[in-house]
Amino acid sequence: MATPDITLYTWPTPNGLKISIVLEELGLPYKVRPVNLESREQKERWFLKFNPNGRLPAITDGNTRVFESGAIMLYLTGRYDTARKISYAPEDLPGYTEQLSWLMWQMGGLGPMQGQAHHFQGFAPVRSDWGIQRYTDEAKRLYSVLEARLQEVPYLAGEKFSIADIACYCWVRVSPNIIAFNLGDWPAVQRWHDRIMEREAVKTALRVPEAPITEAQFTIIVAQKRKEMMERNNADLH
Ligand SMILES: N[C@@H](CCC(=O)N[C@@H](CS)C(=O)NCC(=O)O)C(=O)O
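Just so we're clear, the structure is a prediction, and the values are computed from it rather than from any experiment.

Attention shifts here to the overall build of the chain. Each helix and strand in the chain was counted, giving 11 helices and four strands. Over its C-alpha trace the chain gives a radius of gyration of 18 Å, about what one expects of a compact globule, namely 18 Å for 238 residues. Along the longest, intermediate and shortest principal axes, the C-alpha atoms of the chain span 60 × 45 × 25 Å. A buried classification covers 47% of the 238 residues belonging to the chain. The long-range fraction of contacts in the chain, counting pairs at least 24 apart against all pairs at least 6 apart in sequence, stands at 69%. Total accessible area on the chain is roughly 11,800 Å²; 53% of this is exposed by carbon and sulfur atoms.

Here it is as structure tokens:
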């Protein structure tokens, strides 16, 4: 196996957590460099060398940089998951193609749509009922797609827990807090979520890096922002 020399640039966010989980699941040594989103450190010149898109997460491995969480997960498992603990080999079909498909589905659909729902429900400078409805409904539709799949198989790529599950889990776990979803509406998703949260690697990864505030505090802040958003009267802004 290649010798890892990994630094993870991250912050306690869904996309950052994906990489901490992969690293912990694989038991790889790594350094952590927290990049403070509150002070917009991700836009600073030194960091753009690692991710020209100015977003988290990114890694370096020796002289190699990788950005985009899906690409990082594929890189780390392709290079270091030789025992195929959390990934499928390209020749292992249909697990490999299912893993790839669900990973891309998360990167292109679940993450961006849920992220927009979050924005319109709590952080947009003007209230847009259409924005709230459009992205919350689309996120719900995507959860129904997840539900249908998880009614058929225990994990997204089939029988084995894989990077496809990690990618989706990191977004699903925050949905009750950030967009007020009730996971009980999707029972197979709830059961899958509850199994994943019990994994030791997941529990450890949740402390990488140490969050500036607790999840309970974060929940209160987000709920308050959502309330303010719903009470906001756009007429006041004109
Ligand atoms: N598609 C990217 C999304 C990255 C992303 O949006 N990261 C968020 C944190 S979860 C971020 O850096 N936000 C700060 C910003 O937009 O400047 C990935 O999966 O890596």
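Okay, the pairing of strand 3 (residues 58-61) next. Residues A58 and T60 point to one face of strand 3 and I59 and D61 to the other, with burial holding for every one of them. Two strands pair when backbone bridges link them, and strand 1 (residues 6-10) and strand 3 are joined in this way by four bridges, in the antiparallel orientation. Paired with Y9 across the two strands is A58, which belongs to strand 3. Where strand 3 and strand 4 (residues 64-67) come together, four bridges link them in antiparallel fashion. Looking at the pairing, D61 lines up with T64 of strand 4.

Attention now moves to the UniProt feature "domain: GST C-terminal" (unreviewed entry) in the chain. On the UniProt side, "domain: GST C-terminal" (unreviewed entry) is annotated at positions that read residues 92-213 here. Strand forms 0% of residues 92-213 and helix 69%; the C-alpha atoms that close the span are 42 Å apart.

Moving on to the nonpolar core. One finds L76, I166 and W192 to be the most contacted residues of the largest nonpolar core, which totals 59 residues. If one sorts the elements of this core by residue count, helix 6 (residues 163-172) sits on top with nine residues. Residues from two domains meet in this core; each of domain 1 (6-80) and domain 2 (95-205) gives at least three. Counting residues in each nonpolar core, the second largest holds seven residues, with Y9, W11, V35 and A58 among its members.

Once that is clear, we can look at the packing of helix 1 (residues 14-26) against helix 6. Between helix 1 and helix 6, the shortest axis-to-axis distance is 8 Å and the interhelical angle comes to 140°. Crossing hand, helix 1 versus helix 6: right-handed. Here helix 1 contributes P14, N15, L17, K18, I21 and V22 to the contact with helix 6, which in turn contributes I163, I166, A167, Y169, C170 and W171. Broken down by class, the residue content of the contact of helix 1 with helix 6 amounts to 10 nonpolar, one polar and one charged.

What follows is about the domain arrangement of the chain. Interface size is often expressed as the accessible area that is lost when the parts come together. Entries for the chain in the domain assignment read domain 1 (6-80) and domain 2 (95-205). Using C-alpha coordinates to define each centre, domain 1 is positioned 21 Å away from domain 2. On the domain 2 side, the residues contacting the 15 residues of domain 1 number 20 residues. For the domain 1 and domain 2 pair, buried surface summed over both sides reaches about 1,400 Å², with 79% attributable to carbon and sulfur atoms. Of all residues in domain 1, P14, I21 and E25 bury the most surface against domain 2, accounting for 34% of the area lost on that side. Applying the counting rule to domain 1 against domain 2 returns three residue pairs in polar contact (both at pLDDT 80 or more).

Each value, and the rule that gives it
Residues numbered from 1 in each chain as written. Predicted model: local features only at pLDDT ≥ 70, side-chain atom pairs only at ≥ 80, totals over all residues. Heavy atoms only, no water. Helix = DSSP H or I, 4+ residues; strand = E, 2+ residues; numbered from the N terminus. Rg over C-alpha atoms; globule rule 2.2 N^0.38 Å. Buried < 20%, exposed > 50% of the residue type's maximum accessible area, 1.4 Å probe, protein only. Contact = heavy atoms within 4.5 Å. Areas by Shrake-Rupley, 256 points an atom, 1.4 Å probe, with all protein chains shown as cover. Pairing = 2+ DSSP bridges. UniProt positions renumbered as here; feature names shortened; annotations may be inferred. Core = buried A, V, L, I, M, F, W, Y, C linked by side-chain atoms within 4.5 Å. Domains from an automatic or database assignment. Axes fitted to C-alpha atoms, helices over the stretch in contact; angles between N-to-C directions. Left-handed = near helix turned anticlockwise from the far one by under 90°. Nonpolar A, V, L, I, M, F, W, Y, C, P; charged D, E, K, R; others polar. Buried area = accessible area lost by both parts, 1.4 Å probe. Polar contact = N/O pair within 3.5 Å; in protein donor to acceptor, adjacent residues only side chain to side chain.

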